[in-house]
Amino acid sequence: MALVANDMNQVNSVILDRMQSEIPLIPELAGHLIAGGGKRMRPMLTLAAAKLIGYEGDRHFKLAAAVEFIHTATLLHDDVVDGSDLRRGKTTANLVFGNPATVLVGDFLFSRSFELMVEDGSLKVLKILSSASAIIAEGEVNQLTAQRKIDTSEDRYLDIIGSKTAALFAAASRISAVVAERDEETELALDSYGRNLGIAFQLVDDAIDYSSDSETMGKDAGDDFREGKVTLPVILAYARGSDQDRKFWKDAIIGHKVSDDDLSFATDLLKKTGAIDDTISRARHYGQRAIDALGAFPSGKAKAAMTEAVEFAISRAY
């Protein structure tokens with residue numbers, strides 16, 4: 001955050017400018033989430049990657065804003081799909097403004113992101129970010145069709161998070177190399193950094209859904225459990241559990257066990273089977289892959305900060 005603070009001011013200025021509309025509800029609803037204390041991690045990746053490769057232009061400011069608009073649009077749509085109550089510690093937009101308005105403002109922000117991409121003028125940037133947007137939507141649909149299915153495999157789960165989370169991390173990191181006109185090797189290294197960081201980030205999110213509290217996470221603890229989401233901790237605990245444990249998981253995932261006591265019992269099973277610890281170990285593995293992807297870049301403040309970002313993403317589990 002310190003590394004890109006000045007650049008982030010430029011990006012925030014674009015975000016505030018482009019979320020405006022003559023329809024007052026649009027900036028009001030968009031601002032509810034955008035001003036809601038998010039870390040802005042994805043646009044920060046665009047800015048940090050630009051620092052890493054020594055890009056001195058300003059094209060990446062609008063593109064970082066486009067990345068944040070894509071992310072915000074997906075969050076607005078997610079909260080409607082999931083029926084969530086909390087996001088970043090605040091009541092979700094869908095509860096405050098209603099589902100129809102929330103979906104439509106999400107659409108508005110998606111459209112704004114594409115305006116920003118077109119203004120940049122690079123077809124390659126447009127291809128990377130539009131492809132990521134499609135992949136995110138595919139990941140969300142994949143997750144929806146896997147919901148309440150206890151037999152979801154680890155491979156399918158990794159496909160889901162690779163699409164719904166890691167794709168935008170990868171694109172956000174890669175586009176700076178495109179505007180800086182670096183070679184494909186540099187693009188792919190930054191893509192690998194972002195992708196592996198995104199997977200690590202989501203693995204930790206899925207672990208702390210069972211082992212943290214709403215104040216720390218900014219959303220209700222146990223949301224994944226109550227929504228019947230089969231995340232890696234559940235997949236591991238189900239595979240390792242006794243017949244009785246497996247019956248509990250089947251009942252829980254189809255929605256027959258949703259009380260606080262059920263959540264507490266589920267968390268005990270996850271700890272007993274080592275499922276949470278092993279999920280965090282997997283996160284560390286992907287985190288290391290992200291750090292390794294930076295290997296060829298010169299040492300300095302940018303590389304140190306991007307390495308620290310990986311360590312931060314994993315340390316949230318503690």
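Residues numbered from 1 in each chain as written. Predicted model: local features only at pLDDT ≥ 70, side-chain atom pairs only at ≥ 80, totals over all residues. Heavy atoms only, no water.

An unreviewed UniProt entry lists the protein chain under the name Polyprenyl synthetase family protein, with Parasphingorhabdus litoris as the source organism. Check the Sequence similarities (unreviewed entry) section of the UniProt entry for the protein chain; it says "Belongs to the FPP/GGPP synthase family." Reading the Cofactor (unreviewed entry) entry of the UniProt record for the protein chain gives the comment "Mg(2+)". (UniProt positions renumbered as here; feature names shortened; annotations may be inferred.)

Caption draft 1: Region of the structure containing the overall build of the protein chain. A tally of regular secondary structure across the protein chain gives 16 helices and two strands. Referenced to the eigenvectors of the C-alpha coordinate spread, the extents of the protein chain come out at roughly 60 × 50 × 30 Å. Here the protein chain holds 318 residues, and the buried ones make up 56% of them. Contacts spanning at least 24 positions in sequence make up 75% of the contacts within the protein chain whose residues lie at least 6 apart. (Helix = DSSP H or I, 4+ residues; strand = E, 2+ residues; numbered from the N terminus. Buried < 20%, exposed > 50% of the residue type's maximum accessible area, 1.4 Å probe, protein only. Contact = heavy atoms within 4.5 Å.)

Caption draft 2: Region of interest: the packing of helix 1 (residues 5-18) against helix 3 (residues 41-52). Here helix 1 crosses helix 3 at 135°, and the two axes come no closer than 10 Å. Taken together, the axes of helix 1 and helix 3 are oblique relative to one another. Judged by the twist between their axes, the crossing of helix 1 over helix 3 is right-handed. Judged by residue contacts, Asp-7, Met-8 and Val-11 of helix 1 engage Pro-43, Met-44, Leu-47 and Lys-51 from helix 3. Of the residues that constitute the contact of helix 1 with helix 3, the class distribution is five nonpolar, no polar and two charged. (Axes fitted to C-alpha atoms, helices over the stretch in contact; angles between N-to-C directions. Parallel < 35°, antiparallel > 145°, perpendicular 65-115°, else oblique. Left-handed = near helix turned anticlockwise from the far one by under 90°. Nonpolar A, V, L, I, M, F, W, Y, C, P; charged D, E, K, R; others polar.)

Caption draft 3: Up close: the environment of Gly-54. Residue position: Gly-54 is located in the loop between helix 3 and helix 4 (59-82). C-alpha separation for the pair Gly-54 and Ala-302, spaced 248 residues apart in sequence, amounts to 9.5 Å.

Caption draft 4: Looking closely at the packing of aromatic side chains. Going through the model one piece at a time under the given rule, you end up with four aromatic pairs. Each ring, one from Tyr-210 and one from Phe-225, has its centre 6.3 Å from the other, and the planes form 75°; the classification is edge-to-face. Taken together, the positions of Tyr-210 in helix 9 (residues 184-211) and Phe-225 in helix 11 (residues 223-226) put the pair 15 residues apart, joining distant regions of the chain. In this structure Tyr-210 comes out as buried when scored by relative accessible area, which is 5%. Ring centres 5.5 Å apart and planes at 70° place the aromatic pair Phe-248 and Trp-249 in the edge-to-face group. Overall, Phe-248 belongs to the buried group, its relative accessible area being 8%. Joined through ring pairs, the aromatic side chains of Phe-248, Trp-249 and Phe-265 make up one cluster. If you follow Arg-316 out to its NZ or CZ, it ends over the ring of Phe-201, 4.0 Å from the centre. (Phe/Tyr/Trp six-rings, centres within 6.5 Å; stacked < 30°, edge-to-face > 60°. Lys NZ or Arg CZ within 6 Å of the ring centre and 35° of its normal.)

Caption draft 5: Spotlight on helix 8 (residues 154-179). Counted at 1.5 Å a residue, the expected span for helix 8 with its 26 residues is 38 Å, and the 36 Å between its end C-alpha atoms agrees. Of all bends in helix 8, the biggest is about 50°, found at Ala-166. Where burial is concerned, most of helix 8 is hidden: 21 out of the 26 residues are buried. Within two residues after helix 8, Glu-181 carries a phi angle of roughly 60°, on the positive side. (Expected span 1.5 Å × (residues − 1). Bend = angle between axes of the 7 residues up to and from the residue.)

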